[in-house]
Amino acid sequence: MNKTQEQANHNSWKSKIKKYIVPVTLLVILTVIVSWIAYQRVLIQINIGPGWDTYAFLANAMEFAGKGFGYAEFERPPLMSVVTSLIFYLGIVNERAIYYVDSLFYIIGVLGLYLFLKLRFSAIESFLGALLFATFPVVLLWLGTGYSDIASISLSILSLYFLSLAVIKDSRFFYLTFLLAMLSFLTRFTSAFIIFPMTLYILISGNYLKNIKKIGLGIFISILAIIPYLYINLMIFGSPFFPFTVFLQLTDVSSAQENFAYTTDKLFFIYNLDSYISLQGTWESIIFFIIILFIILGFLFYLYNIFSTKLLKEKVKNKVYKLLGFERSQNKFKFSLTVIFGILWILGFISLSYMYVEILFFIFCIVSYFYLKDISDRDLRLDFLFFSWFMSFFIFHSIYGVKVERYFITMTPPLTYFIILGVNQVSNKFKIQYKRINISPYIIISIFIFLLLISSNVYLNSLPDKTDYLVADSISAAEWMQNNVSNYKDMEIMSDLWPVLSWYLKMDVKPMPFFKNSLAFNHELQKQNADFYLTIRDVNLPSYKKVIKLGSITIYKKNPAKFQNKPRALYIGKNWQNYIEDVLNFRIYLIHELLSAGRLGTGKSIYLDNYSPQELDKYPYIFIYNFKWHNLKNTENLIFNYVKNGGTVVIDASSNLDGIYYNLDNTIFLDTIISKGTLSSNPNIDISPNLTQEVLSISPFISNGGDWNGANYESIGDNKIEPLMTANGKTIIGIQRIGKGKIIWIGYNFVWHAFFYNNSNEELLIQKSIFGS
């Protein structure tokens, strides 16, 4: 064998090692590392116990396994529960099951990201990227908890990975792409936003017409996957799409304002970025600084490389006109569109709803890609895929009012991509040669890996290693009930820890809403005729006696002799049930019929036209706020007939002014034009003497430092709205008399305003408008 052949064989072996052995070896090492991380995290979670949402997923899993105990939250995405139910079906009923399911999704997601990154980067760079994602503090914090965030993002990673393979290698991967996207959606509904990067990638790849049949079949397979869930919804809620419409309503601003995590700060995730991707401390801050530095430098080098062909080959330094490709008129047009839509989506981000901004950003990506494609010889498709992936979720979660740290998990894989892109660009620019090999990537990556392994170990050791006190006390309370109340499953039990105690008592424990006023708890317990109340709150309950205190949980038992009789009113909608009785000084029992005890407050009470005229006529008062309907005309007729027969309707349309569904903005409803309005912080208040002749103090109309929005009314029929209270001439409280009854129109979310500011004057005005005294 001559030297030439020996050299060829040597190069062949080097090529095989580089192409197969190194990537597979790194994949095995990565599997071992993340499996160890997942196992350690599960051990920690076993000590801590389940989180709030975990109990709901566990209860649903028991239902799917045929072992249900009455409590379930079927409006939640089903996949985590379905997978966990397979373990329960085998007879292994334990909270640990869902921890391991969550961890398995985590491992799959990390390995999937490694393979995904390998489509663009070297094996060692992809290894670093996957490990970076696996050890982000925000990922480690929620790993193994049984929440749906990790599972959902893992399935999204696989979906987009197979999408890339379908475009680059084999179009048959489209079958898996859409199926995995649907499974991700069925794990967490917000995963639906991956439709934007998916659609963008298909369009910019240019071969979608050629593969339209495979794409169509892939979509059809994904639809088959959701049919069982739609059927369940139809059986339980009467509508196959009910959980989705509830989710869409939850994303409206008006629905989010009363959430504890509500904030209008659209840069929330930017301000808190350091806590999501690095630990808190001096050394950890240095790591965060290094990561940001790599992203910025990588971006600058990336832009340079896009234009490098023109800079180096055509020698057009300082000639911006040619550098931007303006010698071709169509490039001028594309550049103009890029600038226009770039400005539009940025301005839209400030003032528009998330869906409009998503669409503007999508168009911006399309026009900017085809512009850059014309002036660069580089393949930018994956870069745009990851960029649109990040921004699609960033736009939604930044504009959506409710923000918590775990929502950032949806953005961690594309963020990882751009960190590795930065490492790639920097290491290629600052080369360190050793035997004609650029070893700078290996030096940088080795340092990164070392720091990541150390920091992840430190972070895991910093997590609590003992059972959460609420979990421990709930177990003690459940054991006490089981040992001391023989027929407790036949009784009405309420608790502010209802998902937790439902799980440990294996029964449907009814939810206790949160109230500011301690007396509201006693009122709610009487209304529901609860036999026992298990609470962590320090409350005054005149109609209940304290039985025992177990840690943080106190058990109360009813004293029927002290119960009070009050009129019963029907509430149709969502949110008011939590505070309007307080505003009305507990003068009525507000009935809110639920089909689910879940956090969404779903049930028959949401849809007004689910009720018959006979059912409505049982109540002297009907309260309507944040409601839904199947047929708007039928809903109007129901209300008109009820009022003509002598009933009183109290309505505020302020929570029906946003969104795609159930929007009354600029709509005629009950012979009244409803529109969205804004009040100044201190408007001119005019109160009718028919309501009160006293001079009352009204709180300012300010919402988190911004404008106070709500519903404005203008009656157009024969039965005019008589204003009882106005602000700058706009109706805050009005009365419309029809037949034997009346409609009380509440504008500008005034019930919430009175409750939020705890203003007794405002509460009195609302009470007088409804009850007359």
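Residues numbered from 1 in each chain as written. Predicted model: local features only at pLDDT ≥ 70, side-chain atom pairs only at ≥ 80, totals over all residues. Heavy atoms only, no water.

## Considerations on the overall build of the protein
Moving on, step 1. Across its full length, the protein holds 29 helices and 18 strands.
Moving on, step 2. Across the 773 residues of the protein, 57% fall into the buried class.
Moving on, step 3. Sequence separation of at least 24 residues holds for 68% of the intrachain contacts in the protein that already meet a minimum separation of 6.
Moving on, step 4. Accessible area for the protein stands at about 33,800 Å²; split by element, carbon and sulfur atoms hold 59% of it. (Helix = DSSP H or I, 4+ residues; strand = E, 2+ residues; numbered from the N terminus. Buried < 20%, exposed > 50% of the residue type's maximum accessible area, 1.4 Å probe, protein only. Contact = heavy atoms within 4.5 Å. Areas by Shrake-Rupley, 256 points an atom, 1.4 Å probe, with all protein chains shown as cover.)

## Things to note about empty space enclosed by the protein
Moving on, step 1. All chains considered together, the criterion is met by three cavities of 30 Å³ or more.
Moving on, step 2. There is about 50 Å³ of room inside the second largest cavity.
Moving on, step 3. Around the second largest cavity, the lining residues are Asp149, Ser152, Ile153, Ser156, Arg188, Thr190, Ser191, Phe393 and Thr410.
Moving on, step 4. With four residues, helix α7 (residues 149-168) is the largest single contributor of residues to the lining of the second largest cavity.
Moving on, step 5. Residues that form the lining of the second largest cavity fall into these classes: two nonpolar, five polar and two charged. (1 Å grid on protein atoms, 1.4 Å probe; cavity = no way out; pocket = protein on both sides within 12 Å on 5 of 7 lines; lining within 4 Å. Points joined across faces, edges and corners; volume = space filled by probe spheres on them. Nonpolar A, V, L, I, M, F, W, Y, C, P; charged D, E, K, R; others polar.)

## Side note on the environment of Tyr661
Moving on, step 1. Considering the arrangement of structural elements, one finds Tyr661 in the loop between β11 (648-652) and β12 (667-669).
Moving on, step 2. Taking the relative accessible area as the measure of exposure, Tyr661 reaches 41% and is therefore partly exposed.
Moving on, step 3. For the pair Tyr661 and Trp629, spaced 32 residues apart in the sequence, the C-alpha separation amounts to 9.7 Å.

## Thoughts on the confidence of the model for the protein
Moving on, step 1. On average, residues of the protein score 86 in pLDDT, and 88% of them reach the 70 mark or higher.
Moving on, step 2. For the stretch residues 253-259, pLDDT sits under 50, and the model shows 22 contacts to residues farther than four places along the chain or on other chains.
Moving on, step 3. Note on residues 595-603: pLDDT is under 50 here. Beyond four places in sequence and across chains, it has 33 contacts. (pLDDT = per-residue confidence, 0-100.)

## As for the layout of surface pockets
Any empty space left between atoms is shown by rolling a water-sized probe over those atoms.
Moving on, step 1. Within this model, the second largest pocket holds a volume of roughly 930 Å³.
Moving on, step 2. Ile295, Phe299, Phe387, Met391 and Phe418 are, among the 29 residues lining the second largest pocket, the residues nearest its centre.
Moving on, step 3. When residues of the lining of the second largest pocket are traced back to their parent elements, those giving at least two are α15 (282-313), α17 (329-351), α18 (354-375), α19 (381-399) and α20 (412-429).
Moving on, step 4. At nine residues, α15 tops the list of elements feeding residues into the lining of the second largest pocket.
Moving on, step 5. Here the lining of the second largest pocket is built from residues that sort into 24 nonpolar, four polar and one charged.

## Here's the deal with a nonpolar patch on the surface
Moving on, step 1. Together, Leu217, Ile219, Phe220, Ile223, Leu224 and Ile227 make up an exposed nonpolar region whose accessible area comes to about 510 Å².
Moving on, step 2. Along the polypeptide, Phe220 turns up in helix α10 (residues 212-237). (Patch = residues over 30% accessible without salt bridge, like charges linked within 9 Å, V, L, I, M, F, W, Y side chains within 5 Å. Salt bridge = Lys/Arg side-chain N within 4 Å of Asp/Glu carboxyl O.)

## Points about the sheet that holds strand β6 (residues 544-550)
Moving on, step 1. The strand order β4-β3-β5-β7-β6 describes an open sheet built from five strands, whose pairing is mixed. Every other strand in the sheet has two partners, leaving β4 (510-511) and β6 as the edge strands with one partner each.
Moving on, step 2. Relative to strand β7 (residues 553-558), strand β5 (residues 532-535) runs antiparallel, the two sharing four bridges. The residue of β7 that forms the bridge with Tyr533 is Tyr556.
Moving on, step 3. The strands touched by helix α23 (residues 498-505) within the sheet are β3 (493-495), β4 and β5, with β3 carrying the most contacts at an inclination of about 135°. (Pairing = 2+ DSSP bridges. Axes fitted to C-alpha atoms, helices over the stretch in contact; angles between N-to-C directions.)

## Some words on the packing of α7 against α19
Moving on, step 1. Orientation of α7 relative to α19, taken along the N-to-C sense of each, is 155°, at an axis distance of 12 Å. One way to sum up the angle between α7 and α19 is to call them roughly antiparallel. Crossing angle aside, the handedness with which α7 passes α19 is right-handed. Counting all contacts with α7, which are made through Ile153, Ser156, Ile157, Leu160, Ser164, Val167 and Ile168, the residues of α19 involved are Arg381, Leu382, Leu385 and Trp389. (Parallel < 35°, antiparallel > 145°, perpendicular 65-115°, else oblique. Left-handed = near helix turned anticlockwise from the far one by under 90°.)

## Describing α20
Moving on, step 1. The end-to-end C-alpha distance of α20, which contains 18 residues, comes to 26 Å, matching closely the 26 Å that a straight helix rising 1.5 Å per residue would cover.
Moving on, step 2. Counting buried positions along α20 gives 15 out of 18 residues, so the element sits mostly inside the fold. (Expected span 1.5 Å × (residues − 1).)

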